[in-house]
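# Secondary and tertiary structure notes
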Amino acid sequence: MRSSWYNKLLLIFGPRPPLNWLLLCLISVLVLIALLGSSSSNAFDSVTASVRPDIYSNYRRLKEQAVNDYLELKKIGANPSKDFDLCGKEKENYVPCYNVSANLVGGFKDGEEFDRHCEVSRDQQYCLVRPPKEYKIPLTWPSGRDVIWSGNVKLSKDQFLSSGSMTKRLMLLEENQISFHSDDDEMIVDGVKDYSHQIAEMIGLGSDTEFREAGVHNVLDIGCGFGSFGAHLLSLKLMAVCMAAYETTGSQVQLALERGLPAIIGNFISRQLPFPSLSYDMVHCTQCGIFWDDKDGMFLIEVDRVLKPGGYFVLTSPKSRQQGTKVSISTPFEEYTRKLCWNLVAQQEETFIWQKTTDAHCYISSKHGSFPLCNGEDGQSYYKPLAQCISGTASNRWIPIQNRSSGSLGSAELAVHGINPEDFSEDLEFWRSSLRNYWSLLSPLIFSDHPKRPGDEDPMPPYNMVRNVMDMNAHYGGLNTALLEARKSVWVMNVVPVGEHNTLPIILDQGFAGVLHNWCEPFPTYPRTYDMLHANGLLSHLASEKCNLVDLIFEMDRILRPEGWVIISDKVGPIEIARTLVTQLRWEARVIDLQNGSDQRLLVCQKPFVRK
């Protein structure tokens with residue numbers, strides 16, 4: 001029986017288009033027409049009736065596009081009678097590129113077997129990662145921040161009981177739910193709120209509500225427990241991104257994302273993080289399990305690389321060395337911080353806070369000696385090997401966080417990034433308009449007065465079925481800004497594809513979450529962790545990078561939760577190919593003609609809740 005959302009979708013998008021085999025046949029006919037020298041566009045009109053005959057005015061372009069579309073459809077095996085199978089139960093929480101056994105066979109050792117190695121563990125089996133048997137659609141925000149379904153995460157009761165960190169202690173296990181103390185819970189003593197207030201006082205502030213005034217807009221929370229500290233910072237209008245190593249069970253990243261909190265898999269082993277230099281105002285570690293003085297200080301050098309001038313490194317660890325009644329950090333650690341020109345701002349019990357220098361010349365003039373400067377800038381730091389040298393000192397973005405404005409970026413800040421203010425404004429206005437169009441299509445389904453499934457009770461305001469959003473080709477982060485201006489209670493993971501112009505620095509400088517990523521590879525997250533995926537021009541980018549569209553669509557299915565949404569904007573050729581493929585993944589998919597005389601189309605999809 002058709003679900004209620006499908007009936008609504010029919011009202012918006014119209015009846016279902018012809019079966020996939022018709023599309024393949026029609027494009028085959030188009031290939032023959034093109035090869036015979038016909039310049040008629042009637043065949044293309046039969047594929048999408050709303051396509052205008054002057055879209056392809058150039059004969060050669062028509063011929064090449066038709067042939068490419070035909071070959072791509074043939075390669076993926078478009079078959080109207082065949083849907084892709086579900087993966088086995090062992091892949092319910094499958095994360096590619098983190099296969100320890102394969103990494104060991106590949107010769108990685110000394111901890112590197114736990115690192116990300118996509119070149120070793122590529123799985124060419126195309127199947128759909130199924131949800132666990134007990135999986136339920138997450139609760140709407142903000143209820144889902146404080147209560148999650150225990151069947152949605154791989155966390156045993158023993159792991160729950162053995163959780164030791166402060167942020168993990170804020171959990172309660174109740175039948176089929178895991179509950180977290182609300183940020184407003186006054187019963188918490190010496191909890192997250194007090195800890196955040198302590199950090200603020202240690203850096204000279206009266207309260208943690210003054211973090212933004214002190215230049216702290218974004219925080220990288222390493223080994224975040226289960227995200228309670230980050231959840232508190234988000235309530236203060238700070239962007240806190242959880243980053244933790246891949247874990248087969250009891251994953252910090254999986255649980256944080258299930259709560260609707262920004263998170264990504266990452267670690268300090270052998271490679272740099274997928275962020276450019278000078279990315280974060282604060283890096284935080286509470287019992288994060290990293291031996292910071294290992295590898296001749298290269299882990300601390302990596303923290304220095306991603307910290308902005310004047311930024312803070314906050315370390316809370318019970319393993320610090322005792323000297324009488326005073327806690328101290330080991331001598332090698334102290335030596336490395338001096339060579340990094342860090343200043344120990346304050347220490348209270350087990351918490352230490354260092355501040356990165358604002359003087360770029362300190363690294364070459366320090367009387368304590370220093371690490372050498374790196375040759376050139378890091379550009380797109382995409383999982384490069386860790387380096388024992390200092391980055392960012394020659395960058396135009398070497399600006400102390402205390403000197404940055406707390407509001408939107410002005411012309412001076414945009415000039416630092418080499419961006420014309422008019423281009424930036426036009427881009428933002430485009431996304432404001434696009435967001436209004438998206439919501440006019442989706443609001444009856446997601447943000448209406450009744451965004452529910454059959455049998456559910458009416459949800460409480462703000463009627464939000466979407467929380468975790470990924471913009472897979474984010475450019476300046478305009479969609480993120482438009483969502484905030486429209487007061488949508490979502491957060492966005494802004495992805496800048498490797499090979500595109502690196503706009504991640506300006507995304508991070510706006511206080512947004514963002515990461516570099518090569519879409520020829522899987523994304524470092526767990527299955528079912530995003531409610532909506534948005535991709536503008538990504539399919540065309542993939543073609544230029546010679547990446548496999550099939551791999552991308554299957555990856556999108558892996559990271560999208562059941563009943564999640566996908567919006568793809570691209571040229572009509574790639575859009576039609578993608579529609580053919582996603583229908584074999586059992587997605588409901590409709591192509592929208594923008595009616596603006598261009599060859600751009602929207603592909604709007606919803607992933608079903610499939611069980612077996």
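Because the structure is predicted, anything quoted here is derived from the model rather than measured.

## Considerations on the pattern of salt bridges
A complete count under the given rule lists 17 salt bridges for this structure. In this structure, Arg305 and Glu302 form a salt bridge, with 2.8 Å as the shortest nitrogen-oxygen distance. In this pair, Arg305 and Glu302 both sit in helix 11 (residues 298-306), three residues apart, roughly one turn of the helix. Classification of Arg305 by relative accessible area gives buried; the value is 2%. Among the residues examined, Glu302 registers a relative accessible area of 2% and is labelled buried.

## Considerations on the sheet that holds strand 4 (residues 218-222)
With mixed pairing, the seven strands of this open sheet are ordered in space as 6-5-4-7-8-12-11. Single-partner strands in this sheet number two, and they are strand 6 (263-265) and strand 11 (343-348). For this sheet, the mean angle separating the axes of adjacent strands, direction not counted, is 20 degrees. The pairing of strand 4 with strand 7 (residues 280-286) spans four bridges and is classified as parallel. The partner of Val219 across the bridge, within strand 7, is Met282.

## Re the state of the cysteines
Following the criterion strictly, the structure yields seven disulfides and no others. Bridging Cys87 to Cys127, the disulfide has an S-S length of 2.0 Å. Disulfide Cys87-Cys127: torsion about the S-S bond near 100 degrees, hence right-handed. Separated by 40 residues along the polypeptide, Cys87 in the loop between helix 4 (59-76) and helix 5 (100-105) and Cys127 in the loop between helix 5 and helix 6 (143-146) bring together distant segments of the chain. Exposure class is identical for Cys87 and Cys127. Each is buried. The disulfide partner of Cys97 is Cys118, and the S-S distance across this bridge is 2.1 Å. A torsion of 105 degrees about the S-S bond marks the disulfide between Cys97 and Cys118 as right-handed. In this pair, Cys97 is assigned in the loop between helix 4 and helix 5 and Cys118 in the loop between helix 5 and helix 6, connecting sequence segments 21 residues apart. Among the residues examined, Cys118 registers a relative accessible area of 5% and is labelled buried.

## With respect to the sheet that holds strand 16 (residues 530-536)
The strand order across the open sheet built from seven strands is 15-14-13-16-17-19-18, with neighbouring strands paired in mixed fashion. Of all strands in the sheet, those bounded by a partner on one side alone are strand 15 (513-517) and strand 18 (588-593). On average, adjacent strands in this sheet sit at an angle of 15 degrees to one another, irrespective of strand direction. Looking at chain direction, strand 17 (residues 560-571) and strand 19 (residues 600-606) are connected through seven bridges and run antiparallel.

## Considerations on the packing of aromatic side chains
Counted under the stated rule, the structure contains 21 aromatic pairs. With a centroid separation of 5.1 Å and 70 degrees between ring planes, the pair formed by Phe268 and Trp292 is classed as edge-to-face. Taken together, the residues Phe268 in the loop between strand 6 and strand 7 and Trp292 in the loop between strand 7 and helix 11 connect sequence positions 24 residues apart. As far as burial versus exposure is concerned, Phe268 and Trp292 are alike and both buried.

## Looking at the confidence of the model for the protein
Mean pLDDT over the protein stands at 80; residues scoring 70 or higher make up 75%. Here residues 321-325 scores under 50 on pLDDT; set against residues more than four positions off or in separate chains, the count is eight contacts.

## Considerations on the environment of Glu500
Within the fold, Glu500 resides in the loop between strand 14 (491-497) and helix 17 (504-509). Take Glu500: its relative accessible area is 32%, and that puts it in the partly exposed class. Residues Glu500 and Leu516, spaced 16 residues apart in sequence, show a C-alpha to C-alpha distance of 9.9 Å. A polar side-chain atom of Glu500 sits 3.1 Å from a polar atom in the side chain of His541.

## Comments concerning the nonpolar core
Ranked by size, the top nonpolar core spans 110 residues in total, and within it Trp292 and Phe313 carry the most contacts. For this core, the element with the highest residue contribution is helix 19 (residues 549-559), accounting for seven residues. Trp292 has contacts with Ile222, Phe268, Cys285, Gly297, Phe299, Leu300, Val303, Phe313, Leu315 and Phe333, leaving out every residue within four places of it along the chain. Membership of the second largest hydrophobic core comes to 22 residues, among which are Val192, Leu205, Phe229 and Leu236.

Analysis parameters
Every chain begins its residue count from 1, and numbering advances along the sequence as written. A pLDDT threshold of at least 70 governs which residues receive local features in this predicted model, and a stricter bar of 80 or more applies before side-chain atom pairs are shown or counted, although totals over entire chains, interfaces and linings include all residues. Only hydrogens and water are set aside when side-chain values are computed; all heavy atoms of the structure are taken into account. Should a side-chain nitrogen of Lys or Arg be within 4 Å of a carboxyl oxygen of Asp or Glu, the pair is scored as a salt bridge. Starting at the N terminus, helices and strands are each numbered in turn, a helix being any DSSP run of H or I of at least four residues and a strand any DSSP run of E of at least two. Residue exposure (1.4 Å probe, protein chains only): buried if accessible area is under 20% of the type maximum, exposed if over 50%, otherwise partly exposed. The pairing criterion is simple: DSSP has to find at least two bridges between the two strands. The axes are straight lines fitted to the C-alpha atoms, using for helices just the contacting stretch, and the angles between their N-to-C directions are given from 0 to 180°. Here, the term disulfide refers to a pair of cysteine sulfur atoms separated by no more than 2.5 Å. Stacked, tilted and edge-to-face pairs are distinguished by plane angle, under 30 degrees for stacked and over 60 for edge-to-face with tilted covering the rest, among Phe, Tyr and Trp rings (Trp via its six-membered ring) whose centres lie within 6.5 Å. Each residue carries a pLDDT score, the predictor's own confidence in it, on a scale running from 0 to 100. Whether two residues touch is decided by their heavy atoms; if any such pair falls within 4.5 Å, the residues are in contact. Any N or O atom pair separated by 3.5 Å or less is treated as a polar contact, with the protein-specific requirement of one donor-capable and one acceptor-capable atom, and with residues adjacent in sequence counted only for side-chain atom pairs. Note on terminology: a nonpolar core comprises buried Ala, Val, Leu, Ile, Met, Phe, Trp, Tyr and Cys residues joined through side-chain atoms within 4.5 Å.

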